[in-house]
Amino acid sequence: MKKKKIILSLIAIILFFSLLFILNSVFNSHQTRILRLCGIYVVLALSLNLINGFTGQFSLGTAGFMAIGAYTSAILTMPPAQKASAYYLEPIVPWLADIEMSFLPALIIAGLISALIGFIVAAPVLRLRDDYLAIATLGFSEIIRVVITNLQNITNGSLGLKGLPNYTNVWWSWGVAVVCIIFMALLINSSYGRALKAIREDEIAAEAMGINLFRNKLFAFTVSSFMAGVGGALLGHLMGTIDPLMFRFTLTYNILLIVVVGGIGSITGSVISGVIVTVAMEALRIVDGNIDLGFMVIKGIPGMRMVIFSILLMVIILFFRRGIMGTNEFSWKWILESKLFKKRKEVA
Amino acid sequence: MAILKTENITMKFGGITAVSDFTMELEKNKIIGLIGPNGAGKTTAFNVITGVYKPTSGHIFYNKENITGIKPHNITKLGIARTFQNIRLFKELSVLENVLIANHLRLKSNPFSAVVNTPNYVRQEKHMIEKSLALLEEVDLIDVKDEKSFSLPYGYQRRLEIARALATEPKVLLLDEPAAGMNPQESNQLMEFIIKIRDKFDLSIFMIEHHMQVVMGVCEKIYVLDHGITIAQGTPHEIQNNPRVIEAYLGVE
Ligand SMILES: Nc1ncnc2c1ncn2[C@@H]1O[C@H](COP(=O)(O)OP(=O)(O)O)[C@@H](O)[C@H]1O
Ligand SMILES: [Mg+2]
């Protein structure tokens, strides 16, 4: 059974990348951009789901960690000449001025620095619970923005960074997403994943079963920060431009929406919903502009898209709290034991 | 020799003294009881022993080692497991997962070995599953191993909580009102079950029970708390005839 599952998974991955290859060649540039965004949002949703959905810790710091990742990778990959001209208010510190590396190491370092800061922040913050934790992580995320705005000689302050190398193609975006999906699936189904779920279900009971609450939460928070950092870096190299305003709370809010729609505590849900919500978010861009119905023109209201999404989130929380998947997961066992396959076996 | 011992533990919450000067001793392989009316401080005594609260004063010894102030997860690691008065299962998780989680503390690995499935991790995971299935077999829960734990009937949930505590490989088991909400017949079965696991797993058991009759049959020694104060201790026979106990109980019930 185990071997069979691995083979099936490998086939599915190959098929998926073939599909990506086809989509990538038939889509226009706007459509492939959305396709790339989907992969990034899957990574980000998994990051938030790990700490909120699986460990039950209500954290809202994702945008902050994304900012750390995006800036790290941007600074590490931008050519020295470009940095020299971009930092015109105050030159970049010498030890960063001449660094230029390729995308993979930059991406990994972006994740590691984000994880390191997550690790440091976690120690005081994770002693809080529920709403207090949410407020503290949200506050942290805003502090990161303020720090970035003020570290003129490292981040170029509020000017932001423009012309980041356009590395995030479909393969990077979805390659990272697939690695994260596999990592999460393996983690969550391991004894360590069960320990996280136990903490989510009942902290007092988990502790009584010998589970070190602090260490496990710290681990989940650090891994989640790593993934958010990598997701942020991917996003930066897709947008081509980053600035502190990009990493406001609304960004975390979008990711939270994806997690809730997909199902809090479901990897499958985060993946499905990451794609659906990202596509819908782009499709709904039309409501921000004027809509021409032929006989009349509805004047667009910028920001209308977010209003619609906020209402959607409220409706889901009120009426479909379990989202698309609840805490359920896709599994090969479930497919193989479904009616479709059973019938075939009987025939054979 | 006493495997578990408390010396004058006192637990105050603000102005309330929930437990006052509680001294007890649990001999190896014995079953002893803690009784008293509601609010007497029984659960608080358990919470202090298991590290949920650090006592305001007093000490707790486990195999002569002073364990006062040690964190709950480390107490469990040392070999003291417990159940809860208001069942605290991992509700959304299956019966098997509930028991597997209680095996986690004995795992010698790290998350990254688990993710990449190193042979060492795979071997331990396999061992955990076998052990958990055997335990579920032992306590007659094997047929419901894949059910979510909240969906089980009440009596099964109680039994699963005990099984989960056993999975941590304890030497001492603390049971907080295991027979709560059971009828006399169910309580009797439960007491037989408790004696059975004591023998099978070489346990020493400290049990809270609200109903005197239930503990009389299994406990060799009983402590009686009332308003946090130990008003009596002794054999069931002595307790039954103790005027202060009768007064405390008749005054309430
Ligand atoms: N965490 C706490 N904070 C304040 N008071 C508490 C706390 N835990 C227990 N108490 C109080 O201690 C007393 C004993 O409670 P408890 O130990 O639960 O009694 P029992 O288990 O014997 O019914 C009660 O008055 C209860 O309100
Ligand atoms: Mg109680």
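Residues numbered from 1 in each chain as written. Chains lettered and ligands numbered in written order. Predicted model: local features only at pLDDT ≥ 70, side-chain atom pairs only at ≥ 80, totals over all residues. Heavy atoms only, no water.

With that settled, consider the overall build of chain B. Check the secondary structure of chain B and you find 10 helices and 10 strands. Over its C-alpha atoms, taken along the principal directions, chain B stretches across nearly 65 × 40 × 35 Å. Evaluated residue by residue, chain B yields a buried proportion of 53% over its 253 residues. Counted over contacts in chain B with a minimum sequence separation of 6, partners at least 24 positions apart contribute 67%. Roughly 11,300 Å² of accessible area belongs to chain B as shown, and the carbon and sulfur atoms make up 51% of that amount. For chain B, the distance from the average site of its 28 positive side-chain charges to the average site of its 29 negative ones is 7 Å. (Helix = DSSP H or I, 4+ residues; strand = E, 2+ residues; numbered from the N terminus. Buried < 20%, exposed > 50% of the residue type's maximum accessible area, 1.4 Å probe, protein only. Contact = heavy atoms within 4.5 Å. Areas by Shrake-Rupley, 256 points an atom, 1.4 Å probe, with all protein chains shown as cover. Lys, Arg positive; Asp, Glu negative; His and termini not counted. Charge placed at Lys NZ, Arg CZ, Asp CG, Glu CD.)

Residue and element names in this part refer to chain A. Where helix H3 (residues 62-77) contacts helix H7 (residues 130-150), the two axes come as close as 7 Å, and the packing angle between them is 30°. With respect to each other, H3 and H7 are oriented roughly parallel. Seen from H3, the contacting residues are Ala63, Gly64, Phe65, Ala67, Ile68 and Tyr71; seen from H7, they are Phe140, Ser141, Ile144 and Ile148. Its residues assigned to classes, the contact of H3 with H7 shows 8 nonpolar, 2 polar and no charged. (Axes fitted to C-alpha atoms, helices over the stretch in contact; angles between N-to-C directions. Parallel < 35°, antiparallel > 145°, perpendicular 65-115°, else oblique. Nonpolar A, V, L, I, M, F, W, Y, C, P; charged D, E, K, R; others polar.)

On to the interface of chain A and chain B, then. Counting from both sides, the interface comprises 27 residues of chain A and, opposite them, 31 residues of chain B. Of all residues in chain A, A:Tyr192, A:Arg194 and A:Met209 give up the largest surface area on contact with chain B, accounting jointly for 29% of the area buried on that side. Linking chain A to chain B there are 3 salt bridges. B:Glu97 is the salt-bridge partner of A:Lys197, the closest N and O atoms lying 3.6 Å from each other. Inspection of the chain A/chain B interface yields 10 residue pairs in polar contact (both at pLDDT 80 or more). (Buried area = accessible area lost by both parts, 1.4 Å probe. Salt bridge = Lys/Arg side-chain N within 4 Å of Asp/Glu carboxyl O. Polar contact = N/O pair within 3.5 Å; in protein donor to acceptor, adjacent residues only side chain to side chain.)

The subject of this paragraph is the pattern of salt bridges. This structure, assessed with the given rule, holds 17 salt bridges over all chains. Across the pair A:Arg145 and A:Glu142 runs a salt bridge, and its minimum N-O distance is 2.9 Å. Taken together, the positions of A:Arg145 and A:Glu142, both in helix H7 and 3 residues apart, correspond to about one turn of that helix. With relative accessibility at 28%, the residue A:Glu142 sits in the partly exposed group. Between B:Glu7 and B:Lys5 there is a salt bridge, with the nearest N and O atoms lying 4.0 Å from each other. Among the ionic contacts, a cluster of salt bridges with common partners joins A:Arg129, A:Glu203 and A:Lys217.

Another point: the coordination of the magnesium ion (ligand 2). Residues and elements named next belong to chain B. Thr43 (OG1) and Gln85 (OE1) make up the full set of protein donors to the magnesium ion (ligand 2), lying at 2.0 Å. Within this pair, whereas threonine 43 is found in helix H1 (residues 42-49), its partner glutamine 85 is found in the loop between strand E6 (80-82) and helix H3 (95-101), the two being separated by 42 residues in sequence. According to the relative accessible area criterion, glutamine 85 is partly exposed, its value standing at 26%. (Donors = N, O, S within 2.8 Å, 3.2 Å for Na, K, Ca; no water.)

Residue and element names in this part refer to chain B. Not every positive phi belongs to a glycine, and asparagine 117 is a case in point at roughly 55°. Along the chain, asparagine 117 falls in the loop between helix H4 (111-115) and helix H5 (119-138). Assessed through its relative accessible area of 31%, asparagine 117 is described here as partly exposed. Not every positive phi belongs to a glycine, and aspartate 140 is a case in point at roughly 65°. Here aspartate 140 is to be found in the loop between H5 and helix H6 (154-167).

Residue and element names in this part refer to chain B. Near ligand 1 the following residues occur: Phe13, Ala18, Pro37, Asn38, Gly39, Ala40, Gly41, Lys42, Thr43, Thr44 and Tyr53. One of the side-chain nitrogen or oxygen atoms of threonine 44 is found 2.5 Å away from an oxygen atom of ligand 1. For ligand 1, whose free accessible area comes to 560 Å², the fraction covered by protein is 65%. Broken down by element, the residue count for the shell around ligand 1 peaks at 3 residues, all from H1. Split into classes, the residues belonging to the shell around ligand 1 amount to 5 nonpolar, 5 polar and 1 charged. (Near = heavy atom within 4 Å.)

Turning our eyes to something else, we now look at the nonpolar core. Nonpolar side chains in soluble globular proteins tend to end up buried together. Among the nonpolar cores identified, the biggest contains 153 residues, and A:Leu161, B:Leu173, B:Met207 and B:Ile239 are the most heavily contacted of them. Of all the elements, helix H2 (residues 29-54) of chain A adds the most residues to this core, at 15 residues. Taken domain by domain, this core gets at least three of its residues from each of domain 1 (1-79 + 170-253) and domain 2 (91-168) of chain B. The next biggest cluster of nonpolar side chains, apart from the first, holds 26 residues, and it includes B:Leu4, B:Tyr62, B:Ile208 and B:Leu225. (Core = buried A, V, L, I, M, F, W, Y, C linked by side-chain atoms within 4.5 Å. Domains from an automatic or database assignment.)

Let us now look at helix H9 (residues 170-188) of chain A. Owing to its 3.6 residues per turn, the α-helix brings residues three or four apart onto one side. Residue and element names in this part refer to chain A. Counted at 1.5 Å a residue, the expected span for H9 with its 19 residues is 27 Å, and the 26 Å between its end C-alpha atoms agrees. Considered for burial, the residues of H9 that qualify are Val170, Ser173, Trp174, Gly175, Val176, Ala177, Val178, Cys180, Phe183, Met184, Leu187 and Ile188. Where H9 starts, the residue carrying a side-chain oxygen 3.0 Å from the main-chain nitrogen of tryptophan 171 turns out to be asparagine 169. (Expected span 1.5 Å × (residues − 1).)

Structural measurements only, silent on function.
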